[in-house]
Amino acid sequence: MNTITQVVSCLDGYDPDALRVDKAGAAIHACLIPVTEIEAVAIRDSLGRVLAQEIVPQIDVPGHDNSAMDGYAVRSADLALSKEVSLKEIGSAFAGKVFQGKIQAGECVRIMTGAVMPQGADTVVVQEVCRADQERIIIPPGQKAGQNVRAAGEDLKAGVAVLHPGQPVRAADLGLIASLGIAEVKVKRRLRVAFFSTGDELVSIGTPLAQGQLYDSNRYTLHGMLSGLGVEIIDMGVVRDDPQKLEAAFAAAADKADAIITTGGVSVGEADFVRQLMARLGEVLFWKIAMRPGRPMAFGKIGSAFLFGLPGNPVAVMVTFHQFVRNALLVLGGQTDSIEIPLLKAVSATAIRKVAGRTEYQRGVLFAENGNWKVRTTGQQGSGVLRSVSEANCYIVLEHERGRVEAGELVSVQLMAALA
Ligand code: AMP
Ligand code: MG
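Residues numbered from 1 in each chain as written. Chains lettered and ligands numbered in written order. Predicted model: local features only at pLDDT ≥ 70, side-chain atom pairs only at ≥ 80, totals over all residues. Heavy atoms only, no water.

### Quick word on the pattern of salt bridges
Part 1 of the argument: Overall, the coordinates contain 17 salt bridges when judged by the stated rule.
Part 2 of the argument: In this structure, the salt-bridge partner of E37 is R189, at a minimum N-O distance of 3.4 Å. Here R189 lies in the loop between β10 (184-188) and β11 (192-198) and E37 lies in the loop between α2 (21-31) and β1 (38-42), a separation of 152 residues in the sequence.
Part 3 of the argument: Residue classification places E37 among the partly exposed positions, given a relative accessible area of 40%. (Salt bridge = Lys/Arg side-chain N within 4 Å of Asp/Glu carboxyl O. Helix = DSSP H or I, 4+ residues; strand = E, 2+ residues; numbered from the N terminus. Buried < 20%, exposed > 50% of the residue type's maximum accessible area, 1.4 Å probe, protein only.)

Okay, structure coming up:
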């Protein structure tokens, strides 16, 4: 098997010290090995999981031709193009209560939405346009043969696959699987993700702060971001910048998880031992990514677990998670569908400072004005200003080559709501 170093060095334009965002994403993807284990779960429990089987209907849905409206089931052969006709009402068909006879020439059946079409009938005339005259029903001209009938199998056809391995199960899919009468589905095993924060300055909630200390917030944002991905979360707490403690933490994480996320300790100026340690325990690459925020990042493997060593700054953690780790975890979890987050266009309400040569993820507020989508930044964009993400509903993605943005120019945005 190829090592991570071998895989990434084959990639076009790979430069660990000035890595473009797209190259970093490609480098990560080239190395990932998705989980293969499969388990069977009850349909409700498959929500948010990755499907590991094809869903092939054994029945048609709906099972029979049925009425789309309340009205009268008729034979189109009895209708006239330009004059009304009078038909004899011979009975009723309700949803779940089938009309047992057969409609002959000159006859009709009162029918409710969802009721099976009576034998002989091929058309439904809505009740609002019909008139009753004793036990005869008067049908106006201008009806179309076949109207207001839902065909058997128009939703799902027996034998035609409808859901595929690798797609995430969503609310509509739960209903769809249920409509086929299937009680249990096969899904990929949940990905196990362990994470810990590193830093001598960090304190956990519950302990008073001494001078120079701050509360660890990264583990909470990570918990929040991971919760939306349907993975098993293993929170390993704060680990001091101490070689022995870090080594023990990495070993424990690699033992129980498929992926490890750490924050802090990868920036220039951080103790070199963290890098040496990571590099010694496994195969870890240290990157300087041409992006802001989030320049330093480590990626590699410790044992069989993939390692994402994120920077310590709270905003950089979120941006690097959203732009790299999220996609990577979805792929590792076996998902092959709907991974990319769409980039939409909006008009920038203000000028935005930006220098060419790096991709920027400014935090923005998308809003409607006179029927157009506009976007402004959330103000102060420092990588320690977590409030800038909290106040945002989107990222303003300023591409690598792009320079300063003038008010009125189109910019790309990514909805935060799409990132869960
Ligand atoms: P580092 O990448 O370890 O040099 O950290 C960069 C900055 O992020 C420093 O100001 C740290 O105090 C801060 N930081 C690191 N980890 C955390 C954390 N878990 N929660 C909040 N701030 C952090
Ligand atoms: Mg640190």
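And the narrative resumes.
### Brief notes about the environment of S383
Part 1 of the argument: With respect to the secondary-structure elements, S383 resides in the loop between β22 (372-377) and α8 (387-390).
Part 2 of the argument: Taking the relative accessible area as the measure of exposure, S383 reaches 24% and is therefore partly exposed.
Part 3 of the argument: Contact partners of S383, with chain neighbours within four places excluded, come to P293, N313, P314, V315 and A316.
Part 4 of the argument: One polar contact links S383 to N313, side chain to side chain, over a distance of 3.3 Å. (Contact = heavy atoms within 4.5 Å. Polar contact = N/O pair within 3.5 Å; in protein donor to acceptor, adjacent residues only side chain to side chain.)

### Considerations on helix α4 (residues 218-227)
Part 1 of the argument: Among all positions in α4, only N218, R219, T221, L222, M225 and L226 are buried. Projection of α4 onto a plane perpendicular to its axis shows the buried side chains occupying an angular sector of 160°, all on one side. (Arc of directions from axis to C-beta.)

### Regarding the side chain of T123
Part 1 of the argument: Inspection of the secondary structure assignment puts T123 in strand β6 (residues 123-126).
Part 2 of the argument: The exposure class of T123 is buried, given its relative accessible area of 0%.
Part 3 of the argument: Among the polar contacts made by the side chain of T123, one reaches the main-chain amide nitrogen of G146 at a distance of 2.8 Å.
Part 4 of the argument: If we skip the residues at most four places from it in the chain, T123 touches Y72, A73, V74, S76, L79, M117, K144, A145, G146, Q147 and V149.

### What about the packing of aromatic side chains?
Part 1 of the argument: Applying the stated criterion to the full structure yields six aromatic pairs.
Part 2 of the argument: With a centroid separation of 6.4 Å and 70° between ring planes, the pair formed by Y14 and W287 is classed as edge-to-face. Taken together, the residues span a long stretch of sequence, with Y14 in the loop between α1 (4-9) and α2 and W287 in strand β16 (residues 283-288) at a distance of 273 residues.
Part 3 of the argument: Residues F299 and F308 carry aromatic rings whose centres are separated by 5.5 Å and whose planes lie at 45° to one another, so their mutual orientation is tilted. The burial state of F299 is the same as that of F308; both residues are buried.
Part 4 of the argument: One aromatic cluster is present, formed by Y14, W287, F299, F306 and F308 through successive ring pairs. (Phe/Tyr/Trp six-rings, centres within 6.5 Å; stacked < 30°, edge-to-face > 60°.)

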